[in-house]
Amino acid sequence: MSKIPAWRGVRMRQVLIGVDPDAPPRLITVPTGWDDAAAAALAALAPGRGAATLADAAEAWIGPISARAGSAPLLGERLHGLLLLRRGAPDDCVWQGIAAETLGFALNLSAFHDLATGFDVDALAEAAETASLALACAAPDARPTIRLADLAGLLAALGLDYGSDAARDVARTAAATIRAAAAPHGAALVIAPAGPAEALLGVETGGIAPAFSPLNAAGGLSRTTRAFLAARGLGAETALAAMLDGASPLPRPTPAAHAAMHDAVAPHAAIMPTRPSTREAAPLPAAASRRDLPPRRAGYTQRASVGGHTLFLRTGEYEDGRLGEISIALQKESAAFRGLMDAFSNAVSIGLQHGVPLEAYVEALMFTRFGPGGVVDGDPGVARATSLLDYVFRHLAGNYLGRRDMPEAEVDEADITNSPGDPTPFLPLDLPAGGSPRARRRALKLVSR
């Protein structure tokens, strides 16, 4: 049992998990009701490589902040409370005590909804004040920023159509509340891509984006979908019956609605992504029905290089120009990696042919981060990518959705790989200084005794 008061009595579970399938696993302890995605997020946030318990990892950064708070002696308790209720959490720099020019804190809007009382605006204001004060105490010289997340989840819990005037009023209220509470401590509201902090909080949609898909990663109804149906007094069976009858109980978000939401929030935020395009996607087929591609179909092949790794992206189109098939061929990767990419391409193609919007794939797979990544050659529409999949869906978003609003990929040095023809060797010695890596290798001499 935890010695930290806020966590006493909270049932915990342990899971052996890594940040991603290729990372070394860590023994992570999180509350029983939190899923494995939250455990993986804690594995990314908590310092070190060994076992980590949520309560103890949180106290490691909350304790020093609370000690510096001075006139706010309850700050530590409030921070633990935000985390326990999955209402807010800071970024990795705070968890790991890393100096940074900008520090961030994510607030999960959907967690401020209560079935009995609705949207708790006062609690959101207190949370924004707590978060901004914590960041100021953590690093007085850094720029503190507050991110809102899962607006779509909050709107669903309130039973509001994302594209409605009432939904935009809620978004304005949330944004204005956060800005007003954070400003006295020098913090600014920003709308930015989600990270591990949001995953720890169980966020389903980042920032102000709509929920493009009613399904979760496991293929069941998402929490946002279930919340909307419950708010409208509809059970899953009733919703299914309506769909089989040709009606949809779930409002479909449109690019125009996304753009209007952007306009509603922008006056209150210091940083916003590019305004979404208002271009409407082609009508989708009915749910659970398949629309076969024509035997002879249009499309194109795009050759590009990401961090020196070449891929060929091929597309297949319906008569109306809508994307219905993709194929990703790799040039010099391992057979296992090529096989996985083939299977992935097939899965995406099947989803597209069964009515899954391309927007859903773009939102889910853009910013995926795994090697190779870096500068993109051969495609003037995409300058950099954090991974091969990030590149593919940036390209598709630009060519098939008319998207020119994607934030620039932020590629870390660790993500940048060299060309397969010029790999950097991992040697237990320093290479001779000066010149390119290849030239320095030629300067090495093997000496035998």
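Not measured: the values here are computed from a predicted model.

What counts as what
Residues numbered from 1 in each chain as written. Predicted model: local features only at pLDDT ≥ 70, side-chain atom pairs only at ≥ 80, totals over all residues. Heavy atoms only, no water. Helix = DSSP H or I, 4+ residues; strand = E, 2+ residues; numbered from the N terminus. Buried < 20%, exposed > 50% of the residue type's maximum accessible area, 1.4 Å probe, protein only. Contact = heavy atoms within 4.5 Å. Pairing = 2+ DSSP bridges. Core = buried A, V, L, I, M, F, W, Y, C linked by side-chain atoms within 4.5 Å. Expected span 1.5 Å × (residues − 1). Salt bridge = Lys/Arg side-chain N within 4 Å of Asp/Glu carboxyl O. Phe/Tyr/Trp six-rings, centres within 6.5 Å; stacked < 30°, edge-to-face > 60°. Lys NZ or Arg CZ within 6 Å of the ring centre and 35° of its normal. pLDDT = per-residue confidence, 0-100. Axes fitted to C-alpha atoms, helices over the stretch in contact; angles between N-to-C directions. Left-handed = near helix turned anticlockwise from the far one by under 90°. Nonpolar A, V, L, I, M, F, W, Y, C, P; charged D, E, K, R; others polar.

## A short note on the overall build of the protein
Secondary structure assignment for the protein yields 15 helices and 14 strands. In the protein, buried positions account for 44% of the 449 residues. Counting only contacts in the protein whose residues sit at least 6 apart along the sequence, the fraction spanning at least 24 positions is 61%.

## Here we look at the environment of His185
Of note, His185 is situated in the loop between helix H7 (165–182) and strand E9 (188–190). Spatially, the C-alpha atom of His185 lies 6.9 Å from that of Ala136, the residues being 49 residues apart in sequence. The residues touching His185, leaving out its near neighbours within four places in the chain, are Glu129, Ser132, Leu133, Ala136 and Pro144.

## Looking at the sheet that holds strand E12 (residues 323–330)
As summarised here, the arrangement of the 5 strands in space is E12-E11-E10-E13-E14, forming an open sheet in which the pairing is antiparallel. Strands with a single pairing partner mark the edges of an open sheet, and in this sheet they are E12 and strand E14 (384–385). Two elements, strand E10 (residues 301–306) and strand E13 (residues 374–377), share 2 bridges in a ladder whose sense is antiparallel. Across the sheet, the residue bridging to Val306 is Val376, located in E13.

## Some points on the nonpolar core
Judged by nonpolar contacts, the single largest core of 76 residues is most densely connected at Trp95 and Leu200. Considering each element in turn, this core owes the most residues, 9 residues, to helix H5 (residues 121–138). With 29 residues, the next largest nonpolar core counts Leu330, Leu352, Met366 and Ala385 among its residues.

## Some thoughts on H7
Helix length check: H7 (18 residues) gives 26 Å between terminal C-alpha atoms against 26 Å at 1.5 Å per residue, within 8%. All of the buried residues along H7 are Ala167, Arg168, Val170, Ala171, Ala174, Ala175, Thr177, Ile178, Ala181 and Ala182.

## Here's the deal with the pattern of salt bridges
Scanning all chains against the criterion turns up 13 salt bridges. A salt bridge links Asp36 to Arg13; its shortest N-O distance comes to 2.7 Å. One end of the pair, Asp36, is in helix H1 (residues 36–45); the other, Arg13, is in strand E1 (residues 12–17), with 23 residues separating them in the sequence. Asp36 sits in the partly exposed class, given a relative accessible area of 39%. Classification of Arg13 by relative accessible area gives partly exposed; the value is 24%. Here Arg297 and Glu325 are joined by a salt bridge, their closest N and O atoms 3.2 Å apart. One end of the pair, Arg297, is in the loop between helix H11 (255–265) and E10; the other, Glu325, is in strand E12, with 28 residues separating them in the sequence. When its relative accessible area of 35% is taken as the criterion, Arg297 is described as partly exposed. With relative accessibility at 26%, the residue Glu325 sits in the partly exposed group. Look at the salt bridges and you will find they share partners, linking Asp91, Arg147 and Glu198 into a network.

## A short note on the packing of aromatic side chains
In total, this model carries 4 aromatic pairs according to the counting rule given. Three or more aromatic residues link up through ring pairs in this structure, and these residues are Phe344, Tyr361 and Phe393. Over the face of the ring belonging to Tyr318 we find Arg291, whose NZ or CZ atom lies 4.2 Å from the ring centre. A cation over an aromatic ring shows up here: Arg394 above the ring of Phe367, its NZ or CZ 4.9 Å from the ring centre.

## Thoughts on the confidence of the model for the protein
Here the protein averages 85 in pLDDT, while 88% of its residues score no lower than 70. At the level of individual helices and strands, the protein shows its lowest average pLDDT in helix H15 (residues 437–442), which scores 40, and its highest in strand E4 (residues 88–90), which scores 98. Residue range residues 417–449 is modelled with pLDDT below 50. Its contacts to residues more than four positions away, or to other chains, number 29 contacts.

## With respect to the sheet that holds strand E8 (residues 143–149)
Taken in spatial order, the 4 strands line up as E4-E5-E8-E9 in an open sheet, and their pairing is mixed. The sheet is open, and its two borders are formed by E4 and E9, each paired with just one other strand. For this sheet the average axis-to-axis angle between neighbouring strands, irrespective of direction, equals 30°. Of the pairings in the sheet, the one linking E8 to E9 comprises 3 bridges and is parallel in character. Bridging from a neighbouring strand, Ile146 pairs with Leu189 of E9.

## A few points about the pairing of E12
In this structure, strand E11 (residues 309–317) lies alongside E12, joined through 7 bridges in antiparallel fashion. Bridging across to E12, Gly316 finds its partner in Glu325. What sits between E11 and E12 in their antiparallel hairpin is a turn of 5 residues, with Gly321 showing a positive phi close to 90°.

## Digging into the packing of helix H3 (residues 75–84) against H5
Between H3 and H5, the least distance of the axes is 10 Å, while the angle of their chain directions is 115°. As H3 packs across H5, the resulting crossing turns out to be left-handed. On H5, the residues that touch Leu75, Arg78, Leu79 and Leu82 of H3 are Glu126, Ala127, Glu129, Thr130, Leu133, Ala134 and Cys137. Along the lines of polarity and charge, the residues of the contact of H3 with H5 split into 7 nonpolar, 1 polar and 3 charged.

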